[in-house]
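Descriptive structure summary
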Amino acid sequence: MSAPHWVIHLPATLTSHQATVDLLVALRTSLAHVPVLDFGEVTISAEDEQSTRTRIWCDAAIDEPRAGPGSRRRCNRFVNHPGPCAH
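What counts, and at which threshold
- Residues numbered from 1 in each chain as written.
- Predicted model: local features only at pLDDT ≥ 70, side-chain atom pairs only at ≥ 80, totals over all residues.
- Heavy atoms only, no water.
- Patch = residues over 30% accessible without salt bridge, like charges linked within 9 Å, V, L, I, M, F, W, Y side chains within 5 Å.
- Areas by Shrake-Rupley, 256 points an atom, 1.4 Å probe, with all protein chains shown as cover.
- Salt bridge = Lys/Arg side-chain N within 4 Å of Asp/Glu carboxyl O.
- Helix = DSSP H or I, 4+ residues; strand = E, 2+ residues; numbered from the N terminus.
- Buried < 20%, exposed > 50% of the residue type's maximum accessible area, 1.4 Å probe, protein only.
- 1 Å grid on protein atoms, 1.4 Å probe; cavity = no way out; pocket = protein on both sides within 12 Å on 5 of 7 lines; lining within 4 Å.
- Points joined across faces, edges and corners; volume = space filled by probe spheres on them.
- Nonpolar A, V, L, I, M, F, W, Y, C, P; charged D, E, K, R; others polar.
- Disulfide = S-S within 2.5 Å.

1. Quick notes on a nonpolar patch on the surface
- Taken together, the side chains of Ile8, Leu10, Val36 and Leu37 define a hydrophobic patch exposed on the protein surface, amounting to about 460 Å² of accessible area.
- The residue valine 36 is located in the loop between α1 (17-30) and β1 (43-44) in this model.
- Classification of valine 36 by relative accessible area gives exposed; the value is 73%.

2. So, the layout of surface pockets
- Reported here for the largest pocket is a volume of approximately 1400 Å³.
- If you go around the largest pocket, you meet 34 residues; those closest to its centre are Ile8, His9, Leu10, Pro11 and Thr43.
- The residue inventory of the lining of the largest pocket, partitioned by class, reads 17 nonpolar, twelve polar and five charged.

3. Observations concerning the state of the cysteines
- All chains considered together, the criterion is met by zero disulfides.
- In this structure cysteine 58 is not part of a disulfide, and its nearest cysteine sulfur, from cysteine 85, lies 3.8 Å away.
- Between cysteine 75, a cysteine without a disulfide, and cysteine 85, which holds the nearest cysteine sulfur, the sulfur-to-sulfur distance is 3.7 Å.

Shown next as structure tokens:
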């Protein structure tokens, strides 16, 4: 049996959707070296509508195998992006 996973909920006091996305992009860039963080699963919500969450990144599996069997790359483009997925 595997150990339980924990999720970090990090409230921020930003006043626009774009400012929130900009912060997430900066966090993803600066923390890319931390393997336990999964920015592909990040969602955002308005403070008074926390049950309605919006995904930020596509995170679809890309068919190119990465180093190691069973390991796949994930798309790091924004959700609903035009064109094919990319890493």
